[in-house]
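A structural walkthrough
Read off the chains here:
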Amino acid sequence: MIKVMSIFGTRPEAIKMAPLVKKLEAEDGIDSVLCVTAQHREMLDQVLELFSLTPQHDLDLMKRGQTLEEITTRVLLSVGDILNAEKPDLVLVHGDTTTTFSAALAAFYKQIPVGHVEAGLRTGDRYSPFPEEMNRLLTSRLATLHFAATDGNVANLLSENVPSTFIYKTGNTVIDALLSVVREDYIFDNPLLNQLDFKNKRILSMTAHRRENLGAPMAQIFTAVRRIADDFEDVEIVFPVHLNPVVREAAAKYLGNHSRIHLIEPLEYEPFANLLGKSYFILSDSGGIQEEAPALGKPVVVLRTETERPEAVEAGTVVVAGVEAQNIYNICRELLTDADHYKKMAEAVNPYGDGKSCECIVEAIKNWYKTEDK
Ligand code: UD1
Ligand code: UDP
């Protein structure tokens, strides 16, 4: 039996690791152990419940307004203790959060190999996204196995001298997760979402949470969004607001008290993914949404100055709008007034995989383990 311990802590990691953990649990020859740091609490629990995942270890680390130093050290210490107790053959981490980097470092200190899911994303700017770009770089240095979604991600790793034998092109597990929840005939539980007139109105969905956008950039973003709602009467905007208190304060200040802007609680993944599928277009600084929206044929206005997902930009579904109000407004206005432009951006393409990514990763793990000199 190969003992594989998956470790994650935030909403996006949970969404993208859930189908993989399910697959590992069902696999003969693999003893799957799940450890959640709970760097996020409520937003993590929403995903665990949806996918019926029961962690063997829940470190319950989240504190309101936590700093990077606090969360980094708490994860490092607590994961170290769990690794001492469980002694897995392989630790799996995902993406670029503080849980990702710190859990990988904890495993390295115990000389346990690390598999990095969603490896090889890069913007080339160590401060953007912050601290995610550095988390990715450091996790690549610490990992033994690298599961990369696209050719571009593979090329990034090769250019940093990661050995090619340990890089596996697998697609992104987000597509596996997305395909398991989006349905044409989906009906929301949420009364507000059910009342929205998706046929006659243009419903825009938005999210915003990046640390480098907190403060002045977020004020610019929200100013642009309010102007869009003011200027286009057939537009309604749905914003499930991230639980970060800084984001919530800014959202209430700039976007509150508008009859066509709906500030709601974070949605569970199933309704959120179906909301994306029914929206006219999406405004977001999220990473995962830049992968989901192309698969659903929905344009995304990226509320950032860069992206580590150039495939979606090349495919034409994603446009990087920056964080200046006038530019964001202009890009949205074009999408709302130029039908041909909208149509070009709304072609469904899927640069991120065919929904079989988890299968690929499990096979790679088994093959790697066979060749290990035990
Ligand atoms: C984290 C990740 C980021 C990822 C994002 C996904 C780091 C440094 N950042 O950012 O890479 O894109 O998650 O959403 O790893 N909170 C709650 N309940 C929750 C979740 C958050 O109350 O379920 C509040 C807490 O006050 C918490 C704060 O939000 O302290 C910030 O959470 P944190 O995980 O530190 O940062 P995020 O901005 O969520
Ligand atoms: N998401 C969700 N509910 C919401 C908002 C987002 O389930 O209310 C999902 C979204 O579909 C995507 C993931 O959460 O899969 C993105 O998470 P987030 O934006 O927090 O992080 P990022 O992708 O930027 O790391």
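Per chain, residues are indexed from 1 in the order of the written sequence. Chains carry letters from A onward and ligands carry numbers from 1 onward, assigned in written order. Given that this is a predicted model, residues contribute local features only at a pLDDT of at least 70 and side-chain atom pairs are listed and counted only at 80 or more, while totals for whole chains, interfaces and linings are drawn from all residues. Side-chain numbers come from the whole structure's heavy atoms, not from hydrogens or water.

Moving on: the site of ligand 1. Near is defined per residue: the residue qualifies when any heavy atom it owns lies within 4 Å of the molecule or strand. Inspection of the region around ligand 1 gives 24 residues, with His 40, Glu 42, Thr 98, Glu 132 and Arg 211 positioned closest. For this analysis, a polar contact is any N or O atom pair within 3.5 Å, provided that within protein one partner can donate a hydrogen and the other can accept it, and provided that sequence-adjacent residues contribute only side-chain to side-chain pairs. One nitrogen or oxygen atom from the side chain of Gln 66 is found 2.9 Å from an oxygen atom belonging to ligand 1. The contact in question runs from an oxygen atom of ligand 1 to an N or O atom on the backbone of Asn 244, over 3.5 Å. The method behind every accessible area is Shrake-Rupley, applied with a 1.4 Å probe, and residues are considered shielded solely by the protein chains displayed. Its free accessible area being 750 Å², ligand 1 has 96% of it covered by the protein chains. Classes in brief: Ala, Val, Leu, Ile, Met, Phe, Trp, Tyr, Cys and Pro nonpolar; Asp, Glu, Lys and Arg charged; the others, Gly included, polar. When its residues are assigned to classes, the shell around ligand 1 shows 7 nonpolar, 10 polar and 7 charged.

A few words now on the pattern of salt bridges. One speaks of a salt bridge when a side-chain nitrogen belonging to Lys or Arg is within 4 Å of a carboxyl oxygen belonging to Asp or Glu. Per the stated rule, a full pass over the model turns up 25 salt bridges. With a shortest N-O distance of 2.6 Å, Glu 118 and Lys 16 are connected by a salt bridge. On the criterion of sequence distance, the pair formed by Glu 118 in strand β5 (residues 114–119) and Lys 16 in helix α1 (residues 11–26) is long-range, its members being 102 residues apart. In terms of burial, Glu 118 and Lys 16 fall into one category: buried. Notably, a salt bridge pairs Arg 183 with Asp 185, separated by 3.8 Å at the nearest N-O pair. We call a residue buried when its accessible area falls under 20% of the maximum for its residue type, exposed when it is over 50%, and partly exposed in between, using a 1.4 Å probe and counting protein chains only. Residue classification places Arg 183 among the partly exposed residues on the basis of a relative accessible area of 41%. Residues joined by salt bridges that share partners form a network here, namely Lys 16, Asp 96, Glu 118, Glu 133, Arg 136, Glu 291, Arg 304, Glu 306, Glu 308 and Arg 309. Working definition: helices are DSSP H or I runs of at least four residues, strands are E runs of at least two. Numbering for both runs from the N terminus.

Before going further, it helps to spend a moment on empty space enclosed by the protein. Over the atoms, a rolling probe the size of a water molecule traces out where space has been left empty. Put simply, the grid is 1 Å and covers the protein atoms alone, a cavity is a trapped set of points that fit a 1.4 Å probe, a pocket is an open set with protein on both sides within 12 Å along at least five of seven lines, and lining residues have an atom within 4 Å of a point. Grid points are joined across faces, edges and corners, and a volume is the space filled by probe spheres set on the points. Overall, the coordinates contain 2 cavities of 30 Å³ or more when judged by the stated rule. Taken as a whole, the largest cavity encloses approximately 40 Å³ of empty space. Those elements that provide at least two residues to the lining of the largest cavity are β5 and α16 (357–371). Of the residues that constitute the lining of the largest cavity, the class distribution is 3 nonpolar, 6 polar and 1 charged. As a volume, the second largest cavity reaches approximately 30 Å³. Around the second largest cavity, the lining residues are Glu 118, Leu 121, Ala 149, Asn 153, Asn 172, Glu 291, Glu 308, Arg 309, Glu 311 and Tyr 352. Tallied by class, the residues present in the lining of the second largest cavity amount to 3 nonpolar, 2 polar and 5 charged.

What follows covers the site of ligand 2. Near ligand 2 lie 15 residues; those nearest to it are Arg 11, Leu 267, Gly 287, Gly 288 and Glu 292. A distance of 2.8 Å separates a nitrogen atom of ligand 2 from a polar atom in the backbone of Leu 267. Taking Gly 288, its main chain carries an N or O atom lying 2.8 Å from an oxygen atom of ligand 2. Compared with its free state, where it exposes 540 Å², ligand 2 has 96% of that area covered by protein. Elements that contribute at least two residues to the shell around ligand 2 include exactly α1, α11 (269–278) and α12 (289–296). A total of 3 residues in the shell around ligand 2 trace back to one element, the largest contributor, which is α1. Grouping the constituent residues of the shell around ligand 2 by class yields 8 nonpolar, 4 polar and 3 charged.

Put simply, the second largest pocket is a space of about 310 Å³. Residue lining of the second largest pocket: 14 residues in total, with Arg 183, Glu 184, Asn 274, Gly 277 and Lys 278 positioned closest to the centre. For the lining of the second largest pocket, the secondary structure elements donating two or more residues are α8 (191–195) and α11. When residues in the lining of the second largest pocket are grouped by element, the largest group, 3 residues, is from α11. Classifying every residue of the lining of the second largest pocket gives 6 nonpolar, 3 polar and 5 charged.

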